[in-house]
Amino acid sequence: MNIVWQLGMTVIGILSAPLWYGVSQMVKARMQGRRGPGPGFYYHVLANSWRQETLVPEPASFVFLWAPSVALAVSVLAMGLVPWAGEPLFGKDTDNLLLLGFLLALERFWTGLAGIDTAGSFGGLGASRILTVGSGIEPAWLAVVAFVASVSHRTSIDRLMPHLQALPLGWIMGAFSLAGYGLVLLAEAGRLPVDNPDTHLELTMMHEAVTLEYSGRPLAEWQLAQMVKWTLLVGLIGVIWGPVSSSPGWAVLEQGAEWLVGSAVIGWLESHWIKWRYFQLPGYLLLAAGLGAVAVFLAQGGLD
């Protein structure tokens, strides 16, 4: 029965991804004094992109057309690895944080290929920045994995609350690890202060530079892939650091609330930040990895 709940929750997460993305954008707009779009606006964005004509630049190869489909497939596959209702969709031991990190890196790799495939200046600029930032995301992600492994003695996507409650200073460890993951989330999802998805200025854009030449169904696939990845990353906060649910039904309700609150909180935070300069981002990523390393250090001390 749990696998039914898990399948349903995975499908709900994918279908509701534009909604949670829209909640974040709506909150950010309201905090900045703008009316902004409603939370359901991005369903219209996807439908409009899907209906447009698909145009392919002349120098492009098959990579240009395959990259959006690969990104969407990887994001959907990653959603199935997370035990939203207590059991991973693809069987035991598939809910591995290392595997999840590999899938996110694979999506960045294909994004970089798509950027350089057309030999355009904007695409190459965006691909270079995405892959450079990605090289800093991975150590910070591994720091989070190391903390989870130190506390739960495995790299599976597991609820940390019972483990932290049994350790001295467990709530401090959890706070450091959660802060580090929060910085990783913003970098991986391309949000402020690392990237600004609402602008197409040459000096600031990263992912938008890669998708600038896309239209039609490939563009819709890119957009949906980013929204699914956003939902995945926000939802992991509740799955790893959230409370333990008594039943799959309660897990579904709690996860929906966590998506709503998480998206709103991140939108609120983004409204108070500005885009960092590109050469400041190594320091940002070092901070993310450092917070995770401090959590690991505290966890090792608590276990000793």
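Data block above holds the structure.
Residues numbered from 1 in each chain as written. Predicted model: local features only at pLDDT ≥ 70, side-chain atom pairs only at ≥ 80, totals over all residues. Heavy atoms only, no water.

K.L.:
What is the right way to read the pattern of salt bridges from this model?
P.N.:
Under the defined criterion, the tally for this structure stands at six salt bridges. Linking K229 and E188 is a salt bridge whose minimum nitrogen-to-oxygen distance equals 3.4 Å. Placement of K229 in helix 10 (residues 216-241) and of E188 in helix 8 (residues 170-188) is noted, with a sequence separation of 41 residues between them. In this structure K229 comes out as buried when scored by relative accessible area, which is 5%. Several salt bridges converge on common partners, so that one network encompasses E107, R108, E138, E188 and K229. (Salt bridge = Lys/Arg side-chain N within 4 Å of Asp/Glu carboxyl O. Helix = DSSP H or I, 4+ residues; strand = E, 2+ residues; numbered from the N terminus. Buried < 20%, exposed > 50% of the residue type's maximum accessible area, 1.4 Å probe, protein only.)

K.L.:
Please explain the packing of helix 6 (residues 121-152) against helix 8 as it appears in this structure.
P.N.:
Axis separation between helix 6 and helix 8 bottoms out at 10 Å; the angle between their running directions is 150 degrees. Here helix 8 runs roughly antiparallel to helix 6, going by the angle between their axes. Crossing of helix 6 against helix 8: the hand is left-handed. Contacts from I137, A140, W141, V144 and F147 of helix 6 reach helix 8 at M173, G174, S177, Y181, V184, A187 and E188. (Axes fitted to C-alpha atoms, helices over the stretch in contact; angles between N-to-C directions. Parallel < 35°, antiparallel > 145°, perpendicular 65-115°, else oblique. Left-handed = near helix turned anticlockwise from the far one by under 90°. Contact = heavy atoms within 4.5 Å.)

K.L.:
Please explain the nonpolar core as it appears in this structure.
P.N.:
The tendency in soluble globular proteins is for nonpolar side chains to be buried as a group. Counting 79 residues, the largest nonpolar core has W141 and F147 as its most contacted members. The element that contributes the greatest number of residues to this core is helix 10, accounting for 13 residues. Beyond its immediate sequence surroundings of up to four residues, F147 is in contact with L160, L164, M173, G174, S177, A295, V296 and A299. (Core = buried A, V, L, I, M, F, W, Y, C linked by side-chain atoms within 4.5 Å.)

K.L.:
Whenever I open this one, helix 3 (residues 41-51) confuses me. Can you help?
P.N.:
Within an α-helix, residues lying three or four positions from one another point in the same direction, as the helix has 3.6 residues per turn. Residues of helix 3 that are buried: Y42, V45, L46 and S49. End-on view of helix 3: buried residues confined to an arc of 95 degrees, all on one side of the axis. Seen from the buried face of helix 3, the exposed residues on the opposite side, beyond 90 degrees, are H44 and R51. On its buried side, helix 3 packs onto helix 2 (17-31) and helix 10. (Arc of directions from axis to C-beta.)

K.L.:
Looking at this structure, how should I read the packing of aromatic side chains?
P.N.:
Each aromatic ring pair is summarised here by two numbers: the centre-to-centre distance and the angle between the ring planes. The final tally for this structure, using the stated rule, is twelve aromatic pairs. When the ring of W84 is compared with that of W259, the centres are 5.2 Å apart and the planes differ by 55 degrees; the resulting orientation is tilted. With W84 in the loop between helix 4 (62-81) and helix 5 (97-117) and W259 in helix 11 (residues 248-270), the pair connects residues that are 175 residues apart, well separated along the chain. Judged by its relative accessible area of 1%, W259 is buried. (Phe/Tyr/Trp six-rings, centres within 6.5 Å; stacked < 30°, edge-to-face > 60°.)

K.L.:
Explain the side chain of S150 to me, please; I cannot follow it from the model alone.
P.N.:
Structurally, the position occupied by S150 is in helix 6. The class for S150 is buried, based on a relative accessible area of 8%.

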